[in-house]
Amino acid sequence: MSSADIRDMLDLPSPVPAANRPPPAKRIKTDGKKLDGIHRELHNLLGENTPAVTVMQSKFKEKPNWMQKPSPWVWTPFKNPARKDDLELHHWVRGVPSNDEYPFAKFNKPVDVPTFSKEEYDKCLADTAWTSRETDYLFDLCRDYDLRWLVIQDRYDYKPEENEPPSMRTLEDLKERYYFCCRKLMELRRDASGADWTPRDLELYNAMNFNKDKEIMRKQYLERLLSRSPAEIAEEERLILEYRRLQESSKKLVQDREELLRLLESPQTANSFAQYQSPQGLSQLAGNILASDKNRRRKGAPEAAAQGGPVARPVPGTPNGGTLPQAVTPQQAAAVQNGVHGTKQVQQAGRAATQPAPAVSKTELAQSATAKKVAKRVPPGQETQYGVSYHDKLVQGVYLRSTKISTLKPTVQTKVASILAELGIAPKLAMPTAKVCERYEALQQAINLLIETKKQVDKLDHEVKVSTSGNAGLQSDAK
Amino acid sequence: MSSGSKRLKNLQICRPFVYGNMAVPLKEDRSPDIPADHTHSWTVFLKGVNGDDLSSFVKRVVFKLHETYPNSSRSIEEPPFEVTETGWGEFEISVRVYFVPEASEKNVVMYHHLKLHPYGPEAEQQKSEGATVTSMQYDEFVFNEPTEALFEILTKKSGAVLPQQKSTLVPFSVQSENEELDRLSDAHVKVQENIRRLTERMHALEREKAALRPL
């Protein structure tokens, strides 16, 4: 609100003649203004615009101007044109009294209550519950009280004529009758004039769509809402919270179930397993497992020979190769069923099957050319004394045994470490000899297996709980 | 191809050794060369178990000390592979072992934290006595597919035997190895027991779940 608005409202004369007054539009500070020192710094910080809110410390009152002659106050009579009677009142006016219209008269804006003729009434406003007289009475009241319903309802005192039943009109009844009449009048006048409604008329029409039952219900709801006791309010809040929590948990449950289903379904069986049921197929399966195992571990030597295994099978190569296949097959079958622990056997058996020429099982290694050389230097029983041992596949090079303890994923590793601590095993081995390292590895694998099993058990537990609670819910619903 | 450079397939030889340090607090009477703020005299070493000689296959050992030491990279070409120094602080020493050229192997490195101060329940007592503080670690060199020459060297004398009994002089022995093995076995047994129990529980839950499904 600028001072100009206030002056306009109160009809005060402006202090400066109109010509000299600067344009009231907001002016941005012009550039090129000379600013020194702190003001320049401030400007650089703040930017060109002044801050939005400035705290104005009220200075002392203006020095009163003793020179000016005081303007007199005049006791002036005035009339309010908004009044219907010619009441004349007086008030004090400063200086010269002007003869402008009483400034508050313009606030007397009446409500637009329509008037209707008898023909219009007969055409569309006739109603069994309302007589023409009562309707007129209602409309008069509306006009008088500016459509303030509470007042109208309070003042409503219709005196029916002898043949009419006594009227007990609720607020909703009055409203309904009024709005119904207004709408009907609007329709009638539109049809009569032929001109369609303006958007504003349409708005008005839609706004007057009064539904008595809905209004009654709405007021009842509000009444009830207002008259709740604090205990009731608290309980309602609690129920709402609980409901929201239940929704969230049920959503989460559904998500978990979806995930589990996805996990369970993930390993897709591509082909049928019929091909693996023959002894040939079994050896092929063993070869495949061997290949994938090796690819996973060594990340190096692709066993192309694995695929060539079943092809080479029927051909009896060396006498070794010929006798081995039958002996090896039940071994392979057993190995496949043993799963994890059987990989080493499968390795050896598979190797024996796939490489007919240089046999590679431990006993056969001992007979190899290398071993013969070794045997020259080292008397065969004393191999451990010299630290000599034979292995299938060795990566060439030297390393420290302590560096070769396998590591797992960091998250799993922490769990395994905590379990080891519980069991009383130090994280660093005191004496990493071959035997100790082997046993440590085995222990780690066992702990890994333990963790996996525990995870499975937890999952199943959860599922069982879900099923029981789901069934309980269904049963209670069925009741 | 000379016989020396051919590698023996599927063969693995291991040789145990010990590395670590000993430290002893300096007494009042000590040579004036030592700076005043040094509190301990320590020796970092790499040696074989049972007093074995490693120089047959170890050409040299390089101990890299803290930068503040002059010539912080100490190269020892002949046994005993150790460095003796004085100082006041504990730091990490890197021990790089180079093998004889016949082995055609690259060097291996291990790290050792130099320990000067005693630790444990008797720490205070040991400190006041001025006892020697030792920190040693057992490890093994594992040679995969060694060259023939290396093989000859390593099998000249049996070197992988551990002493039987444990004692103050011999901290790493068959006895201590067996102790560790036993510890690991016990732990393994416990874990297996737990696995068995959990699998039983899993089967029970599976049966329960199957029973609930048809509902």
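Just so we're clear, the structure is a prediction, and the values are computed from it rather than from any experiment.

Draft legend 1. Quick peek at the overall build of chain B. Within chain B, the regular secondary structure consists of 3 helices and 8 strands. What you see in chain B, going N to C, is helices and strands ordered as β-β-β-β-β-β-β-α-β-α-α. Counting every position in chain B, which comprises 215 residues, the buried fraction comes to 46%. Restricting the contact set of chain B to residue pairs at least 6 apart, pairs at least 24 apart contribute 65%.

Draft legend 2. How the structure looks around the overall build of chain A. Across its full length, chain A holds 18 helices and 4 strands. The buried share of chain A, reckoned over its 479 residues, is 25%. Considering only contacts in chain A between residues 6 or more positions apart, those separated by 24 or more positions represent 52%. Accessible surface for chain A amounts to roughly 36100 Å². Of this, 56% is attributable to carbon and sulfur atoms.

Draft legend 3. Geometry of unusual backbone geometry. The linkage connecting Pro-79 of chain B with the following residue, Pro-80 of chain B, adopts the cis geometry, with an omega of -5°. Structurally, Pro-80 of chain B can be placed in the loop between strand E4 (73-76) and strand E5 (81-87). Even without being a glycine, Asp-146 of chain A presents a positive backbone phi close to 55°. With respect to the secondary-structure elements, Asp-146 of chain A resides in the loop between helix H4 (132-144) and helix H5 (149-155). In this structure Asp-146 of chain A comes out as partly exposed when scored by relative accessible area, which is 25%. The backbone of Glu-145 of chain B sits at a positive phi, close to 50°, despite the residue not being glycine. Along the chain, Glu-145 of chain B turns up in the loop between strand E8 (133-144) and helix H2 (148-154). Glu-145 of chain B sits in the buried class, given a relative accessible area of 6%.

Draft legend 4. Inspection of the interface of chain B and chain A at higher detail. Between chain B and chain A, the contact holds 65 residues from the first and 55 residues from the second. Taking both partners together, chain B and chain A bury about 5500 Å²; carbon and sulfur atoms supply 64% of that area. On the chain B side of the contact with chain A, Asn-10, Gln-12 and Leu-184 of chain B bury the most area, a combined 12% of that side's loss. For the pair chain B and chain A, the interface holds 3 salt bridges. The partner of Glu-463 of chain A in a salt bridge is Lys-209 of chain B, and the shortest N-O contact between them spans 2.5 Å. Inspection of the region where chain B meets chain A yields 10 residue pairs in polar contact (both at pLDDT 80 or more). Those elements that place two or more of their residues in the side of chain B that touches chain A are strand E1 (11-25), strand E7 (108-113), E8, H2 and helix H3 (174-212) of chain B. Per element, the largest residue contribution to the side of chain B that touches chain A is 23 residues, and it comes from H3 of chain B.

Draft legend 5. Region of the structure containing the sheet that holds strand E3 (residues 58-64) of chain B. All names here are of chain B. Pairing is antiparallel in the open sheet, where 4 strands are placed in the order E4-E3-E6-E7. Where the open sheet ends on each side, the last strands, each with one partner, are E4 and E7. Adjacent strand axes in the sheet meet at a mean angle of 20° when their direction is disregarded. Taken together, the 6 bridges between strand E6 (residues 92-99) and E7 define a ladder with antiparallel strand orientation. For Glu-92, the partnering residue across the bridge sits in E7 and is His-113.

Draft legend 6. Representation of the nonpolar core within the structure. By size, the foremost hydrophobic cluster in this structure holds 40 residues, and its most contacted members are Trp-42, Leu-46, Phe-57, Phe-63, Val-97 and Phe-141 of chain B. With 5 residues, E1 of chain B is the single largest residue contributor to this core.

Draft legend 7. Representation of a positive patch on the surface. Residues and elements named next belong to chain A. On the surface, Lys-409, Lys-415, Lys-455 and Lys-459 cluster together into a patch of positive charge. By the secondary structure assignment, Lys-459 is in helix H18 (residues 434-478). Among the residues examined, Lys-459 registers a relative accessible area of 34% and is labelled partly exposed.

Draft legend 8. Structural context of the confidence of the model for chain A. Residue and element names in this part refer to chain A. With 73% of its residues at a pLDDT of 70 or more, chain A has an overall mean of 76. When pLDDT is averaged over each element of chain A, helix H8 (residues 212-226) comes out on top at 94 and helix H11 (residues 304-312) at the bottom at 41. Note that residues 18-30 has pLDDT below 50 and, in this model, 6 contacts with residues that lie over four places away or in other chains. Counting contacts from residues 301-361, a segment whose pLDDT is below 50, to residues more than four positions away or on other chains yields 58 contacts.

Draft legend 9. Region of the structure containing a nonpolar patch on the surface. A cluster of nonpolar side chains, Ile-6, Met-9, Leu-10 and Leu-12 of chain A, forms an exposed patch at the surface whose accessible area comes to about 410 Å². Tracing the sequence through the fold places Leu-10 of chain A in helix H1 (residues 3-10).

Draft legend 10. Here's a closer look at the side chain of Arg-183 of chain A. Residue and element names in this part refer to chain A. Assignment of secondary structure puts Arg-183 in helix H6 (residues 171-193). Put simply, Arg-183 is tucked away with no salt bridge, and the nearest opposite charge, on Glu-187, sits 5.2 Å away. The residues touching Arg-183, leaving out its near neighbours within four places in the chain, are Tyr-205, Met-208 and Asn-209.

Draft legend 11. Expanded view of the environment of Thr-453 of chain A. For Thr-453 of chain A, the position within the fold is in helix H18. Classification of Thr-453 of chain A by relative accessible area gives buried; the value is 8%. In contact with Thr-453 of chain A, not counting residues within four places along its chain, are Leu-198, Thr-199 and Met-202 of chain B.

Draft legend 12. Inspection of a negative patch on the surface at higher detail. Residue and element names in this part refer to chain A. Together, Asp-5, Asp-8, Asp-11, Asp-100 and Glu-101 give the surface a local cluster of negative charge. Looking at where Glu-101 falls in the secondary structure, it is placed in the loop between strand E2 (88-94) and helix H3 (118-125). Of the residues examined, Glu-101 reaches a relative accessible area of 55% and is grouped as exposed.

Draft legend 13. Local environment of the packing of H3 of chain A against H6 of chain A. Residue and element names in this part refer to chain A. For the pair H3 and H6, interaxial distance at closest approach is 10 Å and the crossing angle is 105°. Taken together, H3 and H6 sit at an angle that is classed as roughly perpendicular. Across the interface between the two elements, Glu-120, Tyr-121, Lys-123, Cys-124 and Leu-125 from H3 touch Arg-177, Phe-180, Cys-181, Lys-184, Leu-185, Leu-188 and Arg-189 from H6. Of the residues assigned to the contact of H3 with H6, the class counts are 7 nonpolar, no polar and 5 charged.

Draft legend 14. Spotlight on the packing of aromatic side chains. Residues and elements named next belong to chain A. Summed over all chains, the structure comprises 25 aromatic pairs over all chains. Centroid distance Trp-149 to Tyr-178: 5.5 Å. Interplanar angle 70°. Geometry classified as edge-to-face. Taken together, the residues span a long stretch of sequence, with Trp-149 in helix H5 and Tyr-178 in helix H6 at a distance of 29 residues. By relative accessible area, which is 10% here, Trp-149 ends up buried. An aromatic cluster of three or more residues is present, and its members are Phe-116, Tyr-121, Phe-139, Trp-149, Tyr-178, Tyr-179 and Phe-210. Stacked on the ring of Trp-197, the Lys or Arg Arg-190 has its end atom at 4.2 Å from the ring centre.

What counts and what doesn't
Residues numbered from 1 in each chain as written. Chains lettered and ligands numbered in written order. Predicted model: local features only at pLDDT ≥ 70, side-chain atom pairs only at ≥ 80, totals over all residues. Heavy atoms only, no water. Helix = DSSP H or I, 4+ residues; strand = E, 2+ residues; numbered from the N terminus. Buried < 20%, exposed > 50% of the residue type's maximum accessible area, 1.4 Å probe, protein only. Contact = heavy atoms within 4.5 Å. Areas by Shrake-Rupley, 256 points an atom, 1.4 Å probe, with all protein chains shown as cover. Buried area = accessible area lost by both parts, 1.4 Å probe. Salt bridge = Lys/Arg side-chain N within 4 Å of Asp/Glu carboxyl O. Polar contact = N/O pair within 3.5 Å; in protein donor to acceptor, adjacent residues only side chain to side chain. Pairing = 2+ DSSP bridges. Axes fitted to C-alpha atoms, helices over the stretch in contact; angles between N-to-C directions. Core = buried A, V, L, I, M, F, W, Y, C linked by side-chain atoms within 4.5 Å. Patch = residues over 30% accessible without salt bridge, like charges linked within 9 Å, V, L, I, M, F, W, Y side chains within 5 Å. Lys, Arg positive; Asp, Glu negative; His and termini not counted. Charge placed at Lys NZ, Arg CZ, Asp CG, Glu CD. pLDDT = per-residue confidence, 0-100. Parallel < 35°, antiparallel > 145°, perpendicular 65-115°, else oblique. Nonpolar A, V, L, I, M, F, W, Y, C, P; charged D, E, K, R; others polar. Phe/Tyr/Trp six-rings, centres within 6.5 Å; stacked < 30°, edge-to-face > 60°. Lys NZ or Arg CZ within 6 Å of the ring centre and 35° of its normal.

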